[in-house]
Amino acid sequence: MTAALKVLRPGLFDTIQDMGRIGYMALGIPTAGAMDRIGLRLANALAGNPPDTAGLEIGVMGPELLVEADSVRVALVGRLSPSLIGGDDAPPKPLESDRTYLLKRGQILRVGMIDGASTAYLCVAGGLALPPFMGSLSTYSRAGIGGFEGRRLAASDSLPLAQASAAPGNERKLGAAFDYGRGPIRVVWGPQDDCFSDDGKRTFVTAEYRVSKEADRMGIRFEGPVIAHATSVAKGGADIISDGIAPGAIQVPGAGLPIVLLADRQTVGGYPKIATVASVDLPRLGRLLPGHSVQFQPVTVEEAEKLRREQEAQLRRAIASVTTARPTGGIDLVRLYEENLIDGVIYDPTPI
Amino acid sequence: MSVRYLSCGDTAFTVEFGNEISPEINGRVMALHVAIAQAAAAGTLEGVTETVPTMRSLMVTYDPLATSRAELQPRIDALIARGLPTDMASRRVVIPCCYDDPEFAPDLTEVAERTKRTVDQVIAAHLASPFKVYVLGFMPGLAYVAGLDRTLYLPRRTQPRVRVPRSSVAIAMDMTTIYPFESPGGWHLIGRTPLWMFDKRREQPVFLAPGDSLEFQRIDRKAFDRIARQVEAGAFDWSTLVAP
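Residues numbered from 1 in each chain as written. Chains lettered and ligands numbered in written order. Predicted model: local features only at pLDDT ≥ 70, side-chain atom pairs only at ≥ 80, totals over all residues. Heavy atoms only, no water.

Some words on the overall build of chain B
Phase 1 of the analysis: Within chain B, the secondary structure is distributed over five helices and 14 strands.
Phase 2 of the analysis: Projected onto its principal axes, the C-alpha coordinates of chain B cover approximately 55 × 40 × 35 Å.
Phase 3 of the analysis: Counting across all 244 residues of chain B, residues that qualify as buried make up 56%.
Phase 4 of the analysis: By sequence separation, contacts in chain B at least 24 residues apart represent 66% of the contacts at least 6 residues apart.
Phase 5 of the analysis: Of the roughly 10,800 Å² of accessible surface on chain B, 51% is carried by carbon and sulfur atoms.
Phase 6 of the analysis: When the 27 positive and 28 negative side-chain charges of chain B are each reduced to one mean point, those points stand 3 Å apart. (Helix = DSSP H or I, 4+ residues; strand = E, 2+ residues; numbered from the N terminus. Buried < 20%, exposed > 50% of the residue type's maximum accessible area, 1.4 Å probe, protein only. Contact = heavy atoms within 4.5 Å. Areas by Shrake-Rupley, 256 points an atom, 1.4 Å probe, with all protein chains shown as cover. Lys, Arg positive; Asp, Glu negative; His and termini not counted. Charge placed at Lys NZ, Arg CZ, Asp CG, Glu CD.)

Now the structure itself:
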């Protein structure tokens, strides 16, 4: 029997994602990929996987998964309150997020709701045994490609695992939850900021914008003050000859309200884009929920690049701070060895 | 000819060759698209992840952890300064299209009436148009194909259809297109091809590419059904569509 995680109850929007389908935008294929690349990187680091390994992106509420393998090590990252159901009549046992667990056959992982964010990740050590499509496992559900049958998970789906059982080893946890930063979302003006009046640009960077209900992997439609185009909409001020759409592009159609385009965005479009979210803040956008408010703050391209490099260093420090997790019950042998024996007389660190 | 560099955050920028749609401008876009791909393959443009050609501009995406805008822009400038060919060799593809069945071509009569031609003249003009694939986008494999015969120019339908069947061949403005999926659409449906413009079972799921020269070949319903069966079974030989 193949090792698998079986979906007993699906979550709201669970899709398999990796770092995206890169290189096919010229054919009209969106990149898709993780909405919060930091969350996916951390989950893979905990699971001991290469950084681009595909994992399960959990949207708002996660699934209930039955372990149909001898054992599997899962890493959960995000503001989750997961629990474990033993398969008997015992009540669900609460688990922590931002760490790994070794699950045994017959156990049920209830991933649960995400608290105050839209996105969290579940990665399995060794990855999933799914065929990549155009070089990637990222799900793009609008075209039914990638991931698990090109769609979000549904009840009784069976996610095949690459490893029949988990390798021996300790469970691991993050030193601390990753700090995504706060304050305004940083943006770079352009590519079509010249399509907006000075007043319109001022509105964009001073007003507060609220995430509407129309928010998904394709993008977020914001509510707030209208941004004025430089030329009246009736005279084509909200139309341009279509050009490429970068991740985080903020297009402003005729109605004057900004739409930030994210992982599943189309490749080209004909609305003017006033600014583009700096890549450092894309993971924050990928975690926003309807009702959240943001402000936008302009930075230069050079500043945005520098912020991104600093965040990468912060992410590497977070990965370096991964430690052995205390087991939730029983004796932690590794910890015992580390704390009692390493300084003991039987251990001689001198090289021979 | 000077270009404009437009910022698209810290992971992309757009090289804009002009503010109009013309074969010359698009030719330069495609030439830079190819030149960058060659330079990246040769390892001289580290950090460039991909390029997205459109009618009049090329978006260049990059990894800000591997390079920077300040490093890349002069290199792109140098590629342009070296001189881009304006007449790129392009693939010539022939797309079979059935115009006969009213189910396939529900707008053909209306197009004929509004352009003051006969149905046969409309079909002949579509067959004679020197088409070129400018952009793929909006949905995977959807091609914006310019070069429609002038006599057939019409604005989009005022009332878009909620459901346009897959593989419908449609016209609007100065362009034609082929719907890769069933989707909403506002173009005029004048025929249908038995081909699937996006087929995830194929190693190259998208058949058309930017820069392709394209012409339609008229087929009857019998030929349509025959090819459709082959396409459905995954047994169609797509190489027969590419002219030598």
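From this point, the discussion proceeds with the structure in view.
Some thoughts on the pattern of salt bridges
Residue and element names in this part refer to chain A.
Phase 1 of the analysis: Evaluated as defined, the whole model comprises 36 salt bridges over all chains.
Phase 2 of the analysis: Between lysine 201 and aspartate 193 there is a salt bridge, with its nearest N and O atoms 3.5 Å apart.
Phase 3 of the analysis: Its salt-bridge partner being glutamate 312, residue arginine 316 comes within 3.2 Å of it at the nearest N-O pair. One end of the pair, arginine 316, and the other, glutamate 312, are both in helix α4 (residues 301–320), four residues apart, so they sit about a helical turn from each other. (Salt bridge = Lys/Arg side-chain N within 4 Å of Asp/Glu carboxyl O.)

Concerning the pairing of strand β14 (residues 209–215) of chain A
The side chains of a regular strand alternate, residue by residue, between the two faces of the sheet.
Residues and elements named next belong to chain A.
Phase 1 of the analysis: Where β14 lies against strand β21 (residues 293–294), two bridges are found, and the strand directions are antiparallel. For arginine 210, the partnering residue across the bridge sits in β21 and is serine 293.
Phase 2 of the analysis: In terms of strand pairing, β14 meets strand β15 (residues 219–223) through three bridges, oriented antiparallel. Residue arginine 210 lies in a different strand from β15, and its bridge partner there is glutamate 223.
Phase 3 of the analysis: Linking β14 to β15, which pair antiparallel, is a turn of three residues. (Pairing = 2+ DSSP bridges.)

With respect to helix α5 (residues 221–233) of chain B
All names here are of chain B.
Phase 1 of the analysis: Taking 1.5 Å as the rise per residue, α5 with 13 residues should run 18 Å; its terminal C-alpha atoms sit 18 Å apart, in good agreement.
Phase 2 of the analysis: Looking at α5, one finds that the buried residues are Ala223, Phe224, Ile227, Ala228 and Val231. The arc enclosing the buried residues of α5, seen along the axis, measures out at 130 degrees, which places them on a common side. Residues of α5 that are exposed and angled more than 90 degrees away from the buried face: Lys222, Arg229, Glu232 and Ala233.
Phase 3 of the analysis: In this structure, the buried side of α5 is in contact with β5 (92–97) and β12 (188–192). (Expected span 1.5 Å × (residues − 1). Arc of directions from axis to C-beta.)

Quick word on the pairing of strand β5 (residues 71–77) of chain A
All names here are of chain A.
Phase 1 of the analysis: In terms of burial, β5 is largely enclosed, as seven of its seven residues are buried.
Phase 2 of the analysis: Burial along β5 is two-sided: Ser71, Arg73, Ala75 and Val77 and Val72, Val74 and Leu76, pointing in opposite directions, are all buried.
Phase 3 of the analysis: Here β5 runs beside strand β8 (residues 99–104); their pairing, made up of six bridges, is antiparallel. Note on β8: the bridge partner recorded for leucine 76 is arginine 99.
Phase 4 of the analysis: Here β5 runs beside strand β10 (residues 119–124); their pairing, made up of four bridges, is antiparallel. Looking at β10, one finds that leucine 76 is bridged to leucine 122.

Examining the domain arrangement of chain A
All names here are of chain A.
Phase 1 of the analysis: Segmenting chain A into domains produces domain 1 (4–178) and domain 2 (185–311).
Phase 2 of the analysis: With centres defined by C-alpha atoms, the gap from domain 1 to domain 2 works out at 30 Å.
Phase 3 of the analysis: Taking both partners together, domain 1 and domain 2 bury about 1,800 Å²; carbon and sulfur atoms supply 52% of that area.
Phase 4 of the analysis: On inspection of domain 1 and its partner domain 2, the count reaches three salt bridges. (Domains from an automatic or database assignment. Buried area = accessible area lost by both parts, 1.4 Å probe.)

A word on the packing of helix α1 (residues 37–47) of chain A against α4(A)
All names here are of chain A.
Phase 1 of the analysis: Remark: α1 packs on α4, axes separated minimally by 10 Å, with the N-to-C direction vectors making an angle of 25 degrees. Judged by the inter-axis angle, α1 sits roughly parallel to α4. Pair α1 / α4 crosses with right-handed handedness. The residues of α4 that touch α1, namely those facing Arg37, Ile38, Arg41, Leu42 and Ala45, are Arg308, Gln311, Glu312, Leu315, Ala318 and Ile319.
Phase 2 of the analysis: Looking at the contact of α1 with α4 residue by residue, the classes come out as six nonpolar, one polar and four charged. (Axes fitted to C-alpha atoms, helices over the stretch in contact; angles between N-to-C directions. Parallel < 35°, antiparallel > 145°, perpendicular 65-115°, else oblique. Left-handed = near helix turned anticlockwise from the far one by under 90°. Nonpolar A, V, L, I, M, F, W, Y, C, P; charged D, E, K, R; others polar.)

A closer look at the interface of chain A and chain B
Phase 1 of the analysis: If you look at the interface, chain A gives 43 residues, while chain B gives 44 residues.
Phase 2 of the analysis: Taken together, both faces of the contact between chain A and chain B bury some 3,200 Å²; the carbon and sulfur share is 65%.
Phase 3 of the analysis: Scanning the region where chain A abuts chain B turns up one salt bridge.
Phase 4 of the analysis: Here B:Arg4 and A:Asp194 are joined by a salt bridge, their closest N and O atoms 3.4 Å apart.
Phase 5 of the analysis: Where chain A touches chain B, the interface holds 11 residue pairs in polar contact (both at pLDDT 80 or more).
Phase 6 of the analysis: Of all the secondary structure elements, the ones that give two or more residues to the side of chain A that touches chain B are β13 (185–189), β16 (243–244), β20 (273–277) and α4 of chain A.
Phase 7 of the analysis: Tallying contributions element by element places α4(A) first for the side of chain A that touches chain B, with six residues.
Phase 8 of the analysis: Classifying every residue of the side of chain A that touches chain B by side-chain character gives 25 nonpolar, 12 polar and six charged. (Polar contact = N/O pair within 3.5 Å; in protein donor to acceptor, adjacent residues only side chain to side chain.)

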